[in-house]
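# Overview (structure and organization)
Letter by letter, the chains look like this.
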2 protein chains.
Amino acid sequence: MRETFWTADPIDLLRVGDGFVLADSPTDARPGFDRGKKHGAYALDEGAAVLRELQEKLFAAGTVGERKQVLLVLQAMDTAGKGGIVSHVIRAVDPNGVHYVAFKAPNQVELAHDFLWRVAKQVPAAGEFGVFDRSHYEDVLIARVRELAPPEEIERRYGAINTFERGLVDTGTVVVKVMLHISKDEQKRRLSSRLEREDKHWKYNPADVDERMRWDDYQDAFQRVFDRTSTDWAPWYVIPADRKWYARLAVQHILIHALESLNLDWPGVDYDIEAEKKRLAAS
Amino acid sequence: MRETFWTADPIDLLRVGDGFVLADSPTDARPGFDRGKKHGAYALDEGAAVLRELQEKLFAAGTVGERKQVLLVLQAMDTAGKGGIVSHVIRAVDPNGVHYVAFKAPNQVELAHDFLWRVAKQVPAAGEFGVFDRSHYEDVLIARVRELAPPEEIERRYGAINTFERGLVDTGTVVVKVMLHISKDEQKRRLSSRLEREDKHWKYNPADVDERMRWDDYQDAFQRVFDRTSTDWAPWYVIPADRKWYARLAVQHILIHALESLNLDWPGVDYDIEAEKKRLAAS
């Protein structure tokens, strides 16, 4: 590992493997990290520098046409901290190289196509660091809970997703899928705090409570997602997220791990360095 | 001014007004800032917190449908520091609210349309903070210097740009146009340093020296841009950029000024706070 502060590699501790049970998975643990919040902040700064350099190498590789990409897929119950991942972890890297997409409810044109149609258009290009804030997994999460598609269509989608992601991996993309896992009590605290502060009122949406009332259905839908789509080529990671600072640190590490798997290096030059020095000196 | 460190408002000092002459405009000055690089770093941190809060209010306003947007247009000679503005100034704000577009050479489909066609598709939506890294101004800069369009078409474009930007302003967008101004000597130093370091080689492009050889033509083309398109509704700012840290600080302030002109406040609620508290407590 590039960072110094982990006591064990969280990759191994957080990856969804065979027999994973979401209901048995803690929301308030800190796998691989022994210290508290204050040290978590130092650690995040250390990791940010590592992540930034790796992303610059990814971007550089893209400029010479190397087909290497990263795609972070973020899913979670409301208030679990997706936005904080974006603003605290992704912010460390150069916005120039980030392709961020927040998927909303599909519009009429999108609904008239297969669910993957709008997603395929947004996959990262060579050298890009893609971030999906929600994703095609909504089409087997809210779509399952709210019965937005027939059961046999929902069933079909798991396989379609695996095939789609396999294609991304085969063309040079590391696919990192993260579920931020909070407890029902923690969600209540966070929603309450949005109702307490005037500068947070705009973040509160009564519809969030409607979804909250289906908590168990959503947990079941997530379990099904893990059972069906945590593949060798695109595994899920479930991150205890009651402590926001830990969740950010863990996602940061998973991204560092993903970038390292691409064996990035500064690209070679396709021009004559000495000749260019002379040409520049004369200009 | 919200920040404490300016001795005079750089808005007034850097805005392109009547009679502006680029050739007389210094590249190594620090208008409005008396201190050095070290204090510049503290100042940038202070300004970042101000910018972040304003952008969050902009984003919040967008969620309730208020038509308020910011669009930063960045233009400059190569190596002047556009990338640094993005990674050091824009990075402060939540990536979720940023719509960043790097305009490359137009492709065949784009060339078959009017030059503004691809640009119009990328203007910021309600609540968005748009960043154009290069822009429609390339169509009167490189297009003029390299004669990529007939002279009468280039002439037509200045007026078309003013009309286009007027439309953006009329629909709630603050348009901030920034030219980073470096000296020819400083560009030589920066290009040289890219040839010296292995981790910078990928940033060097022999074509940059070809453009450098047309330096005076580009300065003339920029002067024409300022003469024709620095309007009351969308003025240009020319930023001395030989000192990168000063240029970042100045652009940050211009953005803060732009956001403040929108008179942003947290949006009101369209739900019953007390009723929601009860509903949440029961859930």
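Let us look at the structure shown here. (Residues numbered from 1 in each chain as written. Chains lettered and ligands numbered in written order. Predicted model: local features only at pLDDT ≥ 70, side-chain atom pairs only at ≥ 80, totals over all residues. Heavy atoms only, no water.)

In terms of regular secondary structure, chain A is built from twelve helices and five strands. Since a compact globule built from 283 residues should have a radius of gyration of about 19 Å, the 20 Å found for chain A is in line with a globular shape. Viewed in the frame of its principal axes, chain A has a C-alpha envelope of about 70 × 50 × 40 Å. Evaluated residue by residue, chain A yields a buried proportion of 54% over its 283 residues. (Helix = DSSP H or I, 4+ residues; strand = E, 2+ residues; numbered from the N terminus. Rg over C-alpha atoms; globule rule 2.2 N^0.38 Å. Buried < 20%, exposed > 50% of the residue type's maximum accessible area, 1.4 Å probe, protein only.)

In this section: the sheet that holds strand β5 (residues 236-240) of chain B. Residue and element names in this part refer to chain B. The five strands are arranged β2-β3-β1-β4-β5 in an open sheet whose pairing can be described as parallel. Bordering the open sheet on either side are β2 (98-102) and β5, each of which pairs with just one other strand. Geometrically, the sheet is characterised by an average inter-axis angle of 20 degrees between neighbouring strands, direction not taken into account. Sheet topology note: the strand β4 (residues 173-181)/β5 ladder contains five bridges and is parallel. By the bridge assignment for β5, Lys177 is matched with Trp236. Along the sheet face, helix α11 (residues 244-260) touches β1 (69-76), β3 (129-133), β4 and β5 and points at about 155 degrees away from the line of β5. (Pairing = 2+ DSSP bridges. Axes fitted to C-alpha atoms, helices over the stretch in contact; angles between N-to-C directions. Contact = heavy atoms within 4.5 Å.)

Before going further, it helps to examine the relation of the copies chain A and chain B. You can overlay chain A on chain B at an RMSD of 0.0 Å; the transform is a turn of 180 degrees with a shift of 0.0 Å along its axis. The transformation just described matches what one would write down for a two-fold rotation axis. Distance from the rotation axis, computed per C-alpha, reaches its smallest value in chain A at Arg91(A): 3.0 Å. (Least-squares fit on C-alpha atoms with pLDDT ≥ 70 in both.)

Looking now at the pairing of strand β3 (residues 129-133) of chain A. All names here are of chain A. Of all the five residues making up β3, five are buried; the element is thus mostly covered by neighbouring parts of the structure. Pairing geometry for strand β1 (residues 69-76) and β3, over five bridges, is parallel. Across the sheet, Leu74 pairs through a bridge with Asp133, a residue of β3. When strand β2 (residues 98-102) meets β3, the two strands line up parallel, connected through five bridges. What sits directly across from Val101, in β3, is Phe132.

Our focus in this paragraph is the interface of chain A and chain B. Many structure descriptions define interface size as the accessible area lost when the parts assemble. Taken together, the contact between chain A and chain B spans 43 residues of the former and 43 residues of the latter. Together chain A and chain B conceal approximately 4000 Å² of surface at their shared face, both sides included; 62% is due to carbon and sulfur atoms. In terms of surface lost to chain B, no three residues of chain A exceed Arg91(A), Trp202(A) and Leu280(A), which account for 20% of the buried area on that side. Arg279(B) is paired through a salt bridge with Asp210(A); the nearest N and O atoms lie 2.9 Å apart. Counting across the interface, chain A meets chain B through 19 residue pairs in polar contact (both at pLDDT 80 or more). Within the residue set of the side of chain A that touches chain B, elements represented by two or more residues are α2 (37-63), α3 (82-88), α8 (184-196), α9 (206-212) and α12 (273-281) of chain A. Counting residues per element, the side of chain A that touches chain B draws most heavily on α12(A), which supplies six residues. In terms of residue class, the side of chain A that touches chain B is made up of 21 nonpolar, six polar and 16 charged. (Buried area = accessible area lost by both parts, 1.4 Å probe. Salt bridge = Lys/Arg side-chain N within 4 Å of Asp/Glu carboxyl O. Polar contact = N/O pair within 3.5 Å; in protein donor to acceptor, adjacent residues only side chain to side chain. Nonpolar A, V, L, I, M, F, W, Y, C, P; charged D, E, K, R; others polar.)

Residues and elements named next belong to chain A. With 20 residues, helix α7 (residues 151-170) ought to run about 28 Å at 1.5 Å a step, and its terminal C-alpha atoms sit 30 Å apart, in line with that. Of the residues making up α7, those classed as buried are Glu153, Ile154, Arg157, Tyr158, Ala160, Ile161, Asn162, Phe164, Glu165 and Leu168. Looking at the buried positions of α7, the neighbouring elements they touch are β1, α5 (117-120), α6 (142-145), β4 (173-181) and α10 (215-229). Gly172, located one to two residues past α7, shows a positive phi value of around 95 degrees. (Expected span 1.5 Å × (residues − 1).)

In this section: the sheet that holds β4(A). All names here are of chain A. A sheet is described by the order of its strands in space; here five strands give the open sequence β2-β3-β1-β4-β5, paired in parallel fashion. Whereas interior strands pair on both sides, the edge strands pair on one side only; in this sheet they are β2 and β5 (236-240). Going from strand to strand, the sheet's axes swing by 20 degrees on average, the running direction of each strand aside.

Counted at 1.5 Å a residue, the expected span for helix α11 (residues 244-260) of chain A with its 17 residues is 24 Å, and the 24 Å between its end C-alpha atoms agrees. Along α11(A), 14 of the 17 residues are buried, which leaves the element largely enclosed by surrounding structure.

If you walk through the whole model with that rule in mind, you get 49 salt bridges over all chains. Put simply, Glu196(B) and Lys277(A) hold a salt bridge, and the shortest N to O gap is 3.7 Å. Pair noted here: Glu196(B) is in helix α8 (residues 184-196) and Lys277(A) is in helix α12, and the two residues belong to different chains. Judged by its relative accessible area of 54%, Glu196(B) is exposed. Exposure remark for Lys277(A): the relative accessible area of 28% places this residue in the partly exposed category. The salt bridge partner of Lys57(B) is Glu53(B), with a shortest N-O separation of 3.4 Å. Here the residue Lys57(B) and the residue Glu53(B) both occupy positions in helix α2 (residues 37-63), the gap between them amounting to four residues, near one helical turn. A relative accessible area of 35% places Glu53(B) in the partly exposed class.

Another aspect to go through is the packing of α8(A) against helix α12 (residues 273-281) of chain B. Running from N to C, α8(A) and α12(B) cross one another at 170 degrees; their axes reach a closest spacing of 10 Å. One finds that α8(A) runs roughly antiparallel with respect to α12(B). Contacts from Lys188(A), Leu191(A), Ser192(A), Leu195(A) and Glu196(A) of α8(A) reach α12(B) at Ile273(B), Glu276(B), Lys277(B), Leu280(B) and Ala281(B). Partitioning the contact of α8(A) with α12(B) into residue classes produces five nonpolar, one polar and four charged. (Parallel < 35°, antiparallel > 145°, perpendicular 65-115°, else oblique.)

What follows covers the packing of aromatic side chains. Each aromatic ring pair is summarised here by two numbers: the centre-to-centre distance and the angle between the ring planes. On inspection of all chains with the given rule, the structure shows 28 aromatic pairs over all chains. Ring centres 5.0 Å apart and planes at 50 degrees place the aromatic pair Tyr204(A) and Tyr271(B) in the tilted group. Pair noted here: Tyr204(A) is in the loop between α8 and α9 and Tyr271(B) is in the loop between α11 and α12, and the two residues belong to different chains. Plain terms: the ring middles of Phe33(B) and Trp245(B) are 5.6 Å apart, the flat faces sit at 65 degrees to each other, and that makes the pair edge-to-face. (Phe/Tyr/Trp six-rings, centres within 6.5 Å; stacked < 30°, edge-to-face > 60°.)

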